[in-house]
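# Observations on chain architecture
So the chains spell out like this:
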There are 2 protein chains.
Amino acid sequence: MPEVESFNLDHTKVRAPYVRLAGRKAVGGGVVEKYDLRLAQPNREAIPTAALHTLEHLLAGYLRAHLPGVIDLSPMGCRTGFYLVAEGPIGEEAVLEAFRKALEDVLRHQGEIPGASFRACGNYRDHDLKGAKAWAQRVLEAGLKVQPTL
Amino acid sequence: MPEVESFNLDHTKVRAPYVRLAGRKAVGGGVVEKYDLRLAQPNREAIPTAALHTLEHLLAGYLRAHLPGVIDLSPMGCRTGFYLVAEGPIGEEAVLEAFRKALEDVLRHQGEIPGASFRACGNYRDHDLKGAKAWAQRVLEAGLKVQPTL
Ligand SMILES: [Zn+2]
Ligand SMILES: [Zn+2]
């Protein structure tokens, strides 16, 4: 079976919250980068599905507002963070700054959750704005750092 | 806020299970494609976290074995499917074939779940191989088709 990058990361050594460069791939003459945006400490906590889903909806827009070239932002199956795929080169520090600003936007968000209707969403009942804001606040208070791959 | 492709999809009109081309982005002189691999019918069902997480681990390897150029495969926050990001052009039919083969591999999988240890995984307790196989079987029995964007 082909190798999967995340299976080689030692999840017992990383310290959330953090931003980590998970991989780089040459495409055409350019490059696509993948970042591990980790909010919760692996195997110690996990973001409940509703808060994670709302964070996905909010960060989809807010992260794109601070970072050009975003291709995808999706939650991890382990529910401790998100994978960001974007056209690079960007660098960990610039991603960290954009992620921090996007989390501040989540905290300030007022009104409806974007795209969370029966028509626009795949699971419109499973949302939690209060929970999403609580996770954003926790991460901002703890302070994001760049995590090398261990 | 920048536009997010999935918020423009009419989730009441699509019929799971399916493969849909969700987007294309020029990178360098090449192209990166994003596919919506939908296992469950939006707003009617959702894959439980443990089965979704195990599917993520298994498909990470098995899909790469059948499809070159995979950059990311991540579950959707709504828990009805996965987003695949890959170097293109591939095309819906070729993605469908690779996804079908990977689901057959999931059904045949014996032994441990790859990368599901305390060290290699972010939530090693939240796995369900039986549930993952049951979803793979359901999708294969229902039959995958190409879904246009509605
Ligand atoms: Zn949604
Ligand atoms: Zn995992």
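As recorded by an unreviewed UniProt entry, chain A carries the name S-ribosylhomocysteine lyase and is attributed to Thermus oshimai JL-2. Under the Sequence similarities (unreviewed entry) heading, UniProt states for chain A: "Belongs to the LuxS family."

With that settled, consider the coordination of the zinc ion (ligand 2). Residue and element names in this part refer to chain B. Here the zinc ion (ligand 2) is held by H53 (NE2), H57 (NE2) and C121 (SG), and the distances to it run 2.1 to 2.4 Å. Along the chain, the residues donating to the zinc ion (ligand 2) are arranged with the sequence spacing H-x3-H-x63-C. Of this pair, H53 sits in helix 1 (residues 49–66) while C121 sits in the loop between helix 2 (92–108) and helix 3 (129–142); the two residues are 68 residues apart in sequence, bridging distant segments of the chain. According to the relative accessible area criterion, H53 is buried, its value standing at 1%.

What follows is about the relation of the copies chain A and chain B. Here the second copy of the chain follows from the first by a rotation about an axis and a shift along it. Once chain A is rotated about the relating axis by 180 degrees and shifted along it by 0.0 Å, it coincides with chain B to within an RMSD of 0.0 Å. What the rotation and shift describe, once combined, is the action of a two-fold rotation axis. No C-alpha of chain A lies nearer the rotation axis than that of G28(A), which sits 2.4 Å from it. In this assembly, 100% of the residues forming the interface of chain A have copies in chain B that are likewise at the interface, indicating an isologous arrangement.

Feature annotation in UniProt places "binding site: Fe cation" (unreviewed entry) on H53(A), H57(A) and C121(A), given in this structure's numbering. Of the residues just listed, which span 69 residues, no C-alpha pair is farther apart than 10.1 Å, and they cluster in one region. The contact partners of H53(A), leaving out residues within four places of it in the chain, are C121(A), N123(A), D126(A), H127(A), G77(B) and C78(B). What H57(A) contacts, discounting residues up to four positions off in sequence, is I113(A), P114(A), G115(A), A116(A), C121(A), H127(A) and F7(B).

Bringing the coordination of the zinc ion (ligand 1) into the picture now. Here the zinc ion (ligand 1) is held by H53(A) (NE2), H57(A) (NE2) and C121(A) (SG), and the distances to it run 2.1 to 2.4 Å. In primary-sequence terms, the residues that donate to the zinc ion (ligand 1) follow H-x3-H-x63-C.

Residues and elements named next belong to chain A. Across the sheet, which stays open at both edges, the 5 strands sit in the order 3-4-2-1-5 with mixed pairing between neighbours. With partners counted over all chains shown, the strands left at the sheet margins are strand 3 (70–75) and strand 5 (145–146), one partner each. Strand direction decides the pairing type here: strand 2 (residues 30–38) and strand 4 (residues 81–88), joined by 8 bridges, are antiparallel. The residue of strand 4 that forms the bridge with V31 is G88.

Residues and elements named next belong to chain A. Between its terminal C-alpha atoms helix 2 (residues 92–108) stretches 24 Å, which fits the 24 Å expected from 17 residues at 1.5 Å a residue. Every buried residue belonging to helix 2 is among V95, L96, A98, F99, A102, L103, D105 and V106, and all of these are buried. The secondary structure elements touched by the buried residues of helix 2 are strand 1 (18–27), strand 2, helix 1 (49–66), strand 4, helix 3 (129–142) and strand 5.

Our next topic: the sheet that holds strand 4 (residues 81–88) of chain B. Paired through their backbone hydrogen bonds, the strands of a sheet run either parallel or antiparallel. All names here are of chain B. In space, the 5 strands of this open sheet follow the order 3-4-2-1-5, with mixed pairing throughout. Each edge of the open sheet is held by one strand with a lone partner, namely strand 3 (70–75) and strand 5 (145–146). As paired elements, strand 1 (residues 18–27) and strand 2 (residues 30–38) share 9 bridges and run antiparallel to each other. Looking at the pairing, V19 lines up with L37 of strand 2. Contacts from helix 1 reach strand 2, strand 3 and strand 4, with the element oriented near 165 degrees to strand 3.

Cut-offs and rules
- Residues numbered from 1 in each chain as written.
- Chains lettered and ligands numbered in written order.
- Predicted model: local features only at pLDDT ≥ 70, side-chain atom pairs only at ≥ 80, totals over all residues.
- Heavy atoms only, no water.
- UniProt positions renumbered as here; feature names shortened; annotations may be inferred.
- Donors = N, O, S within 2.8 Å, 3.2 Å for Na, K, Ca; no water.
- Helix = DSSP H or I, 4+ residues; strand = E, 2+ residues; numbered from the N terminus.
- Buried < 20%, exposed > 50% of the residue type's maximum accessible area, 1.4 Å probe, protein only.
- Least-squares fit on C-alpha atoms with pLDDT ≥ 70 in both.
- Contact = heavy atoms within 4.5 Å.
- Pairing = 2+ DSSP bridges.
- Expected span 1.5 Å × (residues − 1).
- Axes fitted to C-alpha atoms, helices over the stretch in contact; angles between N-to-C directions.

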